Amino acid sequence: MKLNFPFKRLVVRTVCVTALTLATASCSWLSSLDQDKTAEWSAQQLYSAAHDALNEGNWTDAKNYYTKLESRYPFGTYAQQAQVDLVYVYWKDGEAAQAVSQADRFLQSFPSNPNADYVLYMKALATLNETDGMFSWLLANDASQRDAQAARQAFDTLKTLVLRFPESRYAPEARRRMNELVISQAKHELQIAQYYYVRHAYVAAIDRAQRVVSEFQNTPMRTQALELIKKSYEKLNIKALENDTDRILRLNAKTK
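What comes next concerns the included structure. Every chain's residues receive numbers from 1 upward, in the order its sequence appears when written. In view of the model being predicted, local features appear only for residues whose pLDDT reaches at least 70, and side-chain atom pairs are presented and counted only at 80 or more, with totals across whole chains, interfaces and linings using the full set of residues. To obtain the side-chain values, all non-hydrogen atoms of the structure were included, while hydrogens and water were left out.

**Thoughts on the overall build of the protein**
Next, step 1: Working definition: helices are DSSP H or I runs of at least four residues, strands are E runs of at least two. Numbering for both runs from the N terminus. Summing up its helical and strand segments, the protein has 11 helices and zero strands in all.
Next, step 2: In the protein, the order of α-helices and β-strands from amino to carboxyl end is α-α-α-α-α-α-α-α-α-α-α.
Next, step 3: Buried residues in the protein amount to 39% of all 256 residues.
Next, step 4: By the convention used here, residues are in contact when the closest approach between their heavy atoms is within 4.5 Å. In the protein, of all internal contacts separated by at least 6 residues, the share reaching a separation of at least 24 is 54%.
Next, step 5: What sets the accessible areas is the Shrake-Rupley method with a 1.4 Å probe; for residues, cover comes only from the shown protein chains. For the protein, the accessible area works out to roughly 15500 Å², and carbon and sulfur atoms hold 53% of it. With a 1.4 Å probe rolled over the protein chains alone, any residue whose accessible area is under 20% of its type maximum counts as buried; one over 50% counts as exposed, and the rest are partly exposed.

**Considerations on the side chain of D117**
Next, step 1: Inspection of the secondary structure assignment puts D117 in helix α6 (residues 116-127).
Next, step 2: Among buried charged residues, D117 stands out as having no salt bridge; its nearest opposite-charge side chain is R169, 7.0 Å away.
Next, step 3: Not counting chain neighbours up to four residues away, the residues in contact with D117 comprise L161, F165, S168 and Y170. Under the convention used here, Asp and Glu are negative, Lys and Arg are positive, and both His and the chain ends fall outside the count. By salt bridge we mean one thing: a side-chain nitrogen of Lys or Arg within 4 Å of a carboxyl oxygen of Asp or Glu.

**Things to note about the packing of aromatic side chains**
Next, step 1: By convention, a stacked pair of Phe, Tyr or Trp rings (six-membered ring in the case of Trp) has centres within 6.5 Å and planes under 30 degrees apart, an edge-to-face pair has planes over 60 apart, and any other such pair is tilted. According to the stated counting rule, one finds 10 aromatic pairs in the structure shown.
Next, step 2: The rings of Y47, Y66 and Y78 are connected pair by pair, giving a single aromatic cluster.

**Points about the nonpolar core**
Next, step 1: Residues Y66, V119, M122 and L161 are the most contacted members of the largest nonpolar core, which totals 45 residues.
Next, step 2: Sorting the residues of this core by element identifies α2 (43-55), α3 (59-72), α4 (77-92), α5 (96-109), α6, α7 (148-164) and α8 (171-198) as the ones contributing at least two each.
Next, step 3: Here this core gets nine residues from one element, more than from any other, and that element is α6.
Next, step 4: Setting aside chain neighbours within four positions, we find L161 in contact with D117, L120, Y121, P166, S168, Y170, A171 and A174.
Next, step 5: Side-chain atoms within 4.5 Å are what join buried Ala, Val, Leu, Ile, Met, Phe, Trp, Tyr and Cys residues into a set we call a nonpolar core. Counting 18 residues, the second largest nonpolar core, distinct from the first, contains A186, Y202, M221 and L249.

**With respect to the packing of α2 against α4**
Next, step 1: Every angle, taken between N-to-C directions, lies between 0 and 180 degrees, and every axis is a line fitted to C-alpha atoms, over only the stretch in contact when it is a helix. Two elements in contact, α2 and α4, have axes separated by 11 Å at closest approach and are oriented at 15°. Looking at the two axes, α2 sits roughly parallel to α4. Pair α2 / α4 crosses with left-handed handedness. Residues A43, Q44, Y47, H51 and L54 of α2 form the contact with α4, whose own contacting residues are Y78, Q81, A82, D85, Y88 and V89.
Next, step 2: Here the nonpolar group is Ala, Val, Leu, Ile, Met, Phe, Trp, Tyr, Cys and Pro; Asp, Glu, Lys and Arg are the charged ones; every other residue, Gly included, is treated as polar. Taken together, the residues of the contact of α2 with α4 sort by class into seven nonpolar, three polar and one charged. Roughly parallel here means an angle under 35 degrees, roughly antiparallel means over 145, roughly perpendicular means 65 to 115, and every remaining angle is called oblique. Take the far helix as your reference; a near helix turned counterclockwise from it by less than a right angle gives a left-handed crossing, and one turned clockwise gives a right-handed crossing.

**Digging into the pattern of salt bridges**
Next, step 1: As enumerated under the stated definition, the model contains 12 salt bridges in all.
Next, step 2: As a salt-bridge pair, R211 and E189 come within 3.7 Å of each other at their nearest N and O atoms. Highlighted residues: R211 in helix α9 (residues 202-215) and E189 in helix α8, separated in sequence by 22 residues.
Next, step 3: What makes E189 buried here is its relative accessible area of 6%.
Next, step 4: D246 is the salt-bridge partner of K230, the closest N and O atoms lying 2.9 Å from each other. Here the residue K230 occupies a position in helix α10 (residues 221-236), and D246 occupies one in helix α11 (residues 239-255), the gap between them amounting to 16 residues.

**Comments concerning the packing of α9 against α10**
Next, step 1: At a closest axis distance of 8 Å, the pairing of α9 and α10 adopts a crossing angle of 155°. Judged by the inter-axis angle, α9 sits roughly antiparallel to α10. The crossing of α9 and α10 is left-handed. Contacts from Y202, V203, A205, I206, A209, Q210, V212 and V213 in α9 reach M221, R222, A225, L226, L228, I229, S232, Y233, K235 and L236 in α10.
Next, step 2: Taken together, the residues of the contact of α9 with α10 break down into 14 nonpolar, two polar and two charged.

**Topic: α7**
Next, step 1: Helix length check: α7 (17 residues) gives 24 Å between terminal C-alpha atoms against 24 Å at 1.5 Å per residue, within 8%.
Next, step 2: Inspection of α7 places A148, A150, A151, A154, T157, L158, L161 and V162 among the buried residues, and these make up the whole buried set.
Next, step 3: In this fold, the buried residues of α7 make contact with α6 and α8. Multiplying 1.5 Å by the residue count of a helix minus one yields the expected span of that helix.

Here you go:
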């Protein structure tokens, strides 16, 4: 079939435009490769650049260098240290979920690494979404206002740290924080019980307060929970259980 002249000219023009577009894209891609100054860098060079960026608080560059290091040199001490440092970088950059995920990946791959205690410590910080600094969590706002599940997960992580590495430099801080988390969880449960009580949901208040009594026996909240249980039974007009609770309160007072 013979093509008329205008149509032939359109076909030729389309082919030329397509070829030019592909050539431009190819050049752009090659140019982007040429612009990667790290293309020939050794593992040590990448780690040094990443560490410098970390020290300067340049989290974006630090993540970029560490990621390239892991990708190009997946074996060896530099790659392992890159994974450790990435936990910290993600945490400092406000990416708590990424920090936890990175910590889990490292601990699964290198459970016996000398930095495992530090990674567990950082995982607990990230789980609580702490961003103020490594030791500032003891001065943070009331921990009872935090997410209860996150608090439990952080407690378990700290417990693992203390059990596996009792002599770690992070162990004393972990023990202190575990105690704080227990207190905070007791407060959290007591606050829920009080919430139900002021809304006249006395059965729900008793249920929550009993949880404090049974699960947080060594906290100051236990006595408060018993007092709330007694008042709730009084409101429900269940005299026998009110008296039983009062007896426990008086017995506890004597043994103090």
